[in-house]
Amino acid sequence: MFISEINNTKEYKIPENHYFFLGDNRDNSLDSRFEDLGPGFVHYDNIVGKAEIILFSKKQNSLKIRFSRIFN
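This report concerns the structure included in the present document. (Residues numbered from 1 in each chain as written. Predicted model: local features only at pLDDT ≥ 70, side-chain atom pairs only at ≥ 80, totals over all residues. Heavy atoms only, no water.)

The secondary structure content of the protein chain amounts to 1 helix and 2 strands. Shown N-terminal to C-terminal, the secondary structure of the protein chain runs as helices and strands in the order α-β-β. Every one of the 72 residues in the protein chain was classed for burial, and the buried ones make up 14%. Summing over all exposed atoms, the protein chain offers an accessible surface of approximately 6500 Å²; the carbon and sulfur share of this is 52%. (Helix = DSSP H or I, 4+ residues; strand = E, 2+ residues; numbered from the N terminus. Buried < 20%, exposed > 50% of the residue type's maximum accessible area, 1.4 Å probe, protein only. Areas by Shrake-Rupley, 256 points an atom, 1.4 Å probe, with all protein chains shown as cover.)

Now the structure itself:
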C-alpha cells in the first residue's frame, strides 16, 4: 500500500454490531482500514474491558466539544 492511498482514506460502511478502530498514528497504524493486515472491523462481542478515561468528547451530530467530560 502506498502512502498516498493511506492519506486519502475512502469512506467505509461499517457492518451492524461492528466497530471501526483508527490508530493514533494515522499514516503508520495497522487499524480497521487494513482488513488483510490489521484487525478490520471488530465485532461487538470481541470488545472486552472498560474505558477508564475520556480523551475527547463532543455532542452527537454537532461540533460542540463537551469539555466537562474530557479526562474523566
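Picking up after the structure, the text goes on.
The relation between two aromatic rings is expressed through the spacing of the ring centres and the mutual angle of the planes. A complete count under the given rule lists 3 aromatic pairs for this structure. With 5.3 Å between their ring centres and 40 degrees between their planes, Y12 and F20 make a pair best called tilted. Classification of Y12 by relative accessible area gives partly exposed; the value is 24%. The exposure class of F20 is partly exposed, given its relative accessible area of 31%. Look at Y12 and F41: their rings are 6.2 Å apart centre to centre, the planes differ by 80 degrees, and that puts the pair in the edge-to-face class. Of the two residues, Y12 is situated in the loop between α1 (3-7) and β1 (18-19) and F41 in the loop between β1 and β2 (42-43); the sequence distance between them amounts to 29 residues. (Phe/Tyr/Trp six-rings, centres within 6.5 Å; stacked < 30°, edge-to-face > 60°.)

This paragraph deals with a nonpolar patch on the surface. On the surface, a cluster of nonpolar side chains totalling about 410 Å² of accessible area is made up of Y19, F21, Y44 and I47. One can find Y19 in strand β1. Judged by its relative accessible area of 41%, Y19 falls in the partly exposed class. (Patch = residues over 30% accessible without salt bridge, like charges linked within 9 Å, V, L, I, M, F, W, Y side chains within 5 Å. Salt bridge = Lys/Arg side-chain N within 4 Å of Asp/Glu carboxyl O.)

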